[in-house]
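If you want the building blocks of each chain, they are given just below.
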Amino acid sequence: MAFNEHVTEYGGLPVFEYRSPEGMAAQRAWTEKYPRGHREMTDPLSMLVALRTPEAYAWRLRDSEGWEPREGEFVTRYYERFCSEVPPEKVSALVVGNYEETMDMDEPELIRDALLACAPRWTGLRSLFYADLTYEEYEASWFTHGDLSAIPAAFPRLERLTIRGTGELSLPVEEHRSLRSLGLQGGGLPAALVEQVLASRYPALEHLDLWLGIENYGGDTTPRVLAPLLNGEVHAGVRSLGLRNAEDTDLWVRTMADAPVLERLEALDFSMGTLTDEGAQILLDVPGFRGLSRLDLHHHYMSEEMEARVVEAFTAAGVRVDASERFKGSKDDIYPSVTE
């Protein structure tokens, strides 16, 4: 299983994809030429409504269908058209997607550089989702973002950053004083990337969401690598922690059972992983887990009986628990949600 769909909400706002006047004209021309054809299009009326209330949307910058002109520095020009039509100061959330196979080819820097070129104008930007691609566009293990540390540096008031694709990602940030939420999504989380995150100073960080993935796709992050965080030595403000999409969720449950950070967490997310009855029993046996407000276990391999026990116990303790999406499989035949 891989990234199945584009995000539809981000930063508390519905996502709407921007289409420039030139792109809309190309859509109309194609429709007139192929009246029975089917391609992904932007509804003109919806576009008009969005332009009138730009602050009400998280704007997706994407053109996988090729409606936008492809001349010269075409990605930057598309971003420029967005800035000229949508008042930059009213944009609080952006979702950066593909531009006709640029991000998923050998030139991912085209989108990064276009984003950075327009960054000074987006003074109100608080939420940024980078690389909103699905498996139909790109497999989880193929992303080659490289160094993206310039992005948080370009948005000093950014509060939420999510990056999809971690295989060849580098994020050495010395300090970012506003970031409250950081999410790293991928099929394998490299230890080197985690070490960069732990070495960075994020004094406002409250939510950290890590998709651990599998070793075959670079997921070599271990409890030892995360020890500075789990022992409370770094990012002491984190109250919500995601250890998601793990190849061995039971291992991470055992690790968290003894981790000093557990006592100050409000939310813990083991979802999209491989939790079995073994790990679930630890959840039941360790009182610290019942001090949480939220526990997410969806996409798991617990037995039906164990699932019922977990839900009953945590609900009785006042914990909001999600144990949906139960799968069957032996210990040697279980997989996290996002691998390839």
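Reading the values: the criteria
Residues numbered from 1 in each chain as written. Predicted model: local features only at pLDDT ≥ 70, side-chain atom pairs only at ≥ 80, totals over all residues. Heavy atoms only, no water. Helix = DSSP H or I, 4+ residues; strand = E, 2+ residues; numbered from the N terminus. Rg over C-alpha atoms; globule rule 2.2 N^0.38 Å. Buried < 20%, exposed > 50% of the residue type's maximum accessible area, 1.4 Å probe, protein only. Core = buried A, V, L, I, M, F, W, Y, C linked by side-chain atoms within 4.5 Å. Contact = heavy atoms within 4.5 Å. Pairing = 2+ DSSP bridges. Patch = residues over 30% accessible without salt bridge, like charges linked within 9 Å, V, L, I, M, F, W, Y side chains within 5 Å. Areas by Shrake-Rupley, 256 points an atom, 1.4 Å probe, with all protein chains shown as cover. Salt bridge = Lys/Arg side-chain N within 4 Å of Asp/Glu carboxyl O. Lys, Arg positive; Asp, Glu negative; His and termini not counted. Charge placed at Lys NZ, Arg CZ, Asp CG, Glu CD. Axes fitted to C-alpha atoms, helices over the stretch in contact; angles between N-to-C directions. Left-handed = near helix turned anticlockwise from the far one by under 90°. Nonpolar A, V, L, I, M, F, W, Y, C, P; charged D, E, K, R; others polar. Phe/Tyr/Trp six-rings, centres within 6.5 Å; stacked < 30°, edge-to-face > 60°. Lys NZ or Arg CZ within 6 Å of the ring centre and 35° of its normal. 1 Å grid on protein atoms, 1.4 Å probe; cavity = no way out; pocket = protein on both sides within 12 Å on 5 of 7 lines; lining within 4 Å. Points joined across faces, edges and corners; volume = space filled by probe spheres on them.

### Remarks on the overall build of the protein
Part 1 of the argument: Each helix and strand in the protein was counted, giving 10 helices and 14 strands.
Part 2 of the argument: Scaling as 2.2 N^0.38, a compact globule of 340 residues should have a C-alpha radius of gyration of about 20 Å, and the protein matches this with 21 Å.
Part 3 of the argument: Across its three principal axes, the protein shows a C-alpha extent of roughly 65 × 45 × 35 Å.
Part 4 of the argument: Across the 340 residues that make up the protein, the buried fraction comes to 52%.

### What about the nonpolar core?
Here is a general trend for soluble globular proteins: nonpolar side chains tend to be buried in one another's company.
Part 1 of the argument: Grouped together as the largest cluster of nonpolar side chains are 93 residues, with contacts concentrated most on Trp59, Tyr79, Trp122, Met256, Phe270 and Phe289.
Part 2 of the argument: In terms of residue count, helix 3 (residues 74–85) provides more of this core than any other element does, six residues in total.
Part 3 of the argument: Ignoring sequence-local partners within four residues, the contact set of tyrosine 79 consists of Leu61, Val96, Ile111, Ala114, Leu115, Cys118 and Trp122.
Part 4 of the argument: Val7, Leu13, Ala93 and Val95 belong to the second-largest nonpolar core, a separate cluster that totals eight residues.

### Comments concerning unusual backbone geometry
Part 1 of the argument: Phi at alanine 131 is positive, roughly 80°, even though this residue is not glycine.
Part 2 of the argument: Mapped onto the fold, alanine 131 is located in the loop between strand 5 (127–130) and strand 6 (146–147).
Part 3 of the argument: With a relative accessible area of 0%, alanine 131 lands in the buried category.
Part 4 of the argument: A positive phi angle, near 50°, is found at histidine 235, a position not held by glycine.
Part 5 of the argument: The exposure class of histidine 235 is buried, given its relative accessible area of 8%.

### Observations regarding the sheet that holds strand 10 (residues 207–213)
Part 1 of the argument: Read from one edge of the open sheet, 12 strands run 1-2-3-4-5-7-9-10-11-12-13-14, paired in mixed fashion. Sheet topology places strand 1 (9–10) and strand 14 (320–322) at the edges, where each strand pairs with a single neighbour.

### Focus on helix 9 (residues 277–285)
Part 1 of the argument: For helix 9, every residue scored as buried is listed here: Gly279, Ala280, Ile282, Leu283 and Leu284.
Part 2 of the argument: The inward-facing, buried residues of helix 9 abut helix 8 (249–257), strand 13 (294–296) and helix 10 (304–316).

### Some thoughts on a negative patch on the surface
Part 1 of the argument: A cluster of like negative charges, contributed by Glu195, Glu215, Asp220 and Glu247, occupies part of the molecular surface.
Part 2 of the argument: Inspection of the secondary structure puts aspartate 220 in the loop between strand 10 and helix 7 (223–230).
Part 3 of the argument: Classification of aspartate 220 by relative accessible area gives partly exposed; the value is 43%.

### Re the packing of helix 3 against helix 4 (residues 109–118)
Part 1 of the argument: Interaxial distance between helix 3 and helix 4 falls to 8 Å at its minimum, and their mutual angle equals 35°. Helix 4 is crossed by helix 3, and the crossing has right-handed handedness. Only Leu110, Ile111, Ala114, Leu115 and Cys118 of helix 4 make contact with helix 3, whose side of the interface consists of Phe74, Val75, Thr76, Tyr79, Glu80 and Cys83.
Part 2 of the argument: In the contact of helix 3 with helix 4, the residues fall into nine nonpolar, one polar and one charged.

### Overview of the packing of aromatic side chains
Part 1 of the argument: Counting across every chain of the model gives 15 aromatic pairs.
Part 2 of the argument: Ring geometry for phenylalanine 16 and tryptophan 59: centres 5.8 Å apart, planes at 85°, overall edge-to-face. Placement of the pair is phenylalanine 16 in strand 2 (residues 13–17) and tryptophan 59 in strand 3 (residues 58–63), with a sequence separation of 43 residues.
Part 3 of the argument: Tryptophan 59 gets classed as buried once you look at its relative accessible area, which sits at 0%.
Part 4 of the argument: Put simply, the rings of Phe16, Tyr18, Tyr57, Trp59, Tyr78, Tyr79, Phe82, Trp122 and Phe155 pair up and form one aromatic cluster.
Part 5 of the argument: The side chain of arginine 39 reaches across the aromatic face of tryptophan 30, ending 5.2 Å from its centre.

### Describing a nonpolar patch on the surface
Part 1 of the argument: A contiguous nonpolar patch, built from Leu45, Leu48 and Val49 and spanning about 270 Å² of accessible area, is present on the exposed surface.
Part 2 of the argument: Here leucine 48 is to be found in helix 2 (residues 44–52).
Part 3 of the argument: Judged by its relative accessible area of 40%, leucine 48 falls in the partly exposed class.

### Quick notes on the pairing of strand 2
Part 1 of the argument: Of all five residues making up strand 2, four are buried, and the element is well covered by its neighbours.
Part 2 of the argument: When strand 1 meets strand 2, the two strands line up antiparallel, connected through two bridges. Each residue of the ladder has a partner; that of glutamate 9, found in strand 2, is proline 14.
Part 3 of the argument: Here strand 1 folds back onto strand 2 in antiparallel fashion, the turn holding two residues, of which glycine 11 has a positive phi close to 60°.
Part 4 of the argument: One ladder, built from three bridges, connects strand 2 with strand 3; its direction is parallel. By the bridge assignment for strand 3, valine 15 is matched with alanine 58.

### As for the environment of aspartate 258
Part 1 of the argument: On the secondary structure map, aspartate 258 appears in the loop between helix 8 and strand 12 (267–269).
Part 2 of the argument: A C-alpha to C-alpha distance of 45 Å links aspartate 258 and lysine 90, two positions 168 residues apart in sequence.

### A word on the layout of surface pockets
Vacant regions in the atomic arrangement are exposed by a probe of water-molecule size rolled over the atoms.
Part 1 of the argument: There is about 650 Å³ of room inside the largest pocket.
Part 2 of the argument: Elements with a minimum of two residues in the lining of the largest pocket: strand 1, strand 7 (160–164), strand 9 (181–185) and strand 10.
Part 3 of the argument: Classifying every residue of the lining of the largest pocket gives nine nonpolar, 11 polar and seven charged.

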